[in-house]
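# Examining the three-dimensional arrangement
Single-letter residue listing:
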Amino acid sequence: MKNRIKNLVVCEGDLPEGITFENGMAAIDCEMMGLNPHRDRLCLVQVGDGNGNVWLVKFSSNNYDAPNLKKLFADSRVVKIFHFARTDMVFCQKYLGVMPSPVYCTKIASKLCRTYTERHGLKNVCEELLGVKMDKEQQCSNWGAPVLTEAQKHYAASDVIYLHDMKNALDERLKSLDRLHIASQCFDFLPVRANLDYIGWENSDIFAHH
Ligand code: MG
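Residues numbered from 1 in each chain as written. Predicted model: local features only at pLDDT ≥ 70, side-chain atom pairs only at ≥ 80, totals over all residues. Heavy atoms only, no water.

### Looking at the pattern of salt bridges
It is possible for side chains bearing opposite charge to pair when their charged atoms get close. All told, the structure shown has 10 salt bridges when counted by the stated rule. Asp-40 is the salt-bridge partner of Arg-39, the closest N and O atoms lying 2.7 Å from each other. Judged by relative accessible area, which is 6%, Asp-40 ranks as buried. Notably, a salt bridge pairs Asp-75 with Arg-77, separated by 3.0 Å at the nearest N-O pair. Here Arg-77 falls in the exposed class, since its relative accessible area comes to 69%. (Salt bridge = Lys/Arg side-chain N within 4 Å of Asp/Glu carboxyl O. Buried < 20%, exposed > 50% of the residue type's maximum accessible area, 1.4 Å probe, protein only.)

So this is what it looks like as structure tokens:
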């Protein structure tokens, strides 16, 4: 896994200026203090370019200015690939004031094509589609610590390093099942779904009869 990461950079407070995504795709993941956006702060945003370069944008205080990161999230020419985008998008809206768009969610894609299993975690999808075993040991570590350990850095990077390849593999499956279009419609709806979570409808299905 480590060889796939060619360049791992920790950046305080924002992405460096001038990063380009030649294939129009950026892999994104977020680490927070917990899962409640109104209580738990956003600590880290990982960005991968699909060519082995990973930037870990670390937020140590309540300064979320980050103009370069916000520009990327709002850039309509760059698709942001997440695994379970819904939660991360709410935190981006809350702390950075931007709802990332357009987005691709590898978890939704997996649910739409791997109907024979309930196992849609990043680790499971990665293992089946790419034959890569991921280590999830640092998942519950303290992302708000002033200095990240080497293990945390590599764990954080590993969450974005496979997303481009996963998207390609999932798109192949979706295509063969003729489900690319419904997947794309789900991704288009994600900013609305995340906003419903953010404004208080996270636990109710407003499309249900009751
Ligand atoms: Mg993660």
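### Things to note about the nonpolar core
In this structure, Leu-42, Val-45, Val-47, Phe-59, Leu-69, Leu-72 and Phe-73 are the most contacted members of the largest nonpolar core, which totals 65 residues. Other than its neighbours up to four places away in sequence, Phe-59 contacts Glu-12, Gly-13, Arg-41, Leu-42, Cys-43, Val-45, Tyr-64, Ala-66, Leu-69 and Leu-96. (Core = buried A, V, L, I, M, F, W, Y, C linked by side-chain atoms within 4.5 Å. Contact = heavy atoms within 4.5 Å.)

### What about the packing of helix α4 (residues 122-130) against helix α6 (residues 163-176)?
One way to put it is that α4 packs onto α6 with a least axis distance of 10 Å and a crossing angle of 70 degrees. Of the possible angle classes, the one that applies to α4 and α6 is roughly perpendicular. Where α4 crosses over α6, the two elements pack in a sense that is left-handed. Here Leu-122, Val-125, Cys-126, Glu-128, Leu-129 and Leu-130 of α4 come into contact with α6, specifically with Leu-163, Asp-165, Met-166, Ala-169, Leu-170 and Arg-173. Across the contact of α4 with α6, the residue classes tally to 9 nonpolar, no polar and 3 charged. (Axes fitted to C-alpha atoms, helices over the stretch in contact; angles between N-to-C directions. Helix = DSSP H or I, 4+ residues; strand = E, 2+ residues; numbered from the N terminus. Parallel < 35°, antiparallel > 145°, perpendicular 65-115°, else oblique. Left-handed = near helix turned anticlockwise from the far one by under 90°. Nonpolar A, V, L, I, M, F, W, Y, C, P; charged D, E, K, R; others polar.)

These figures capture arrangement, not role.
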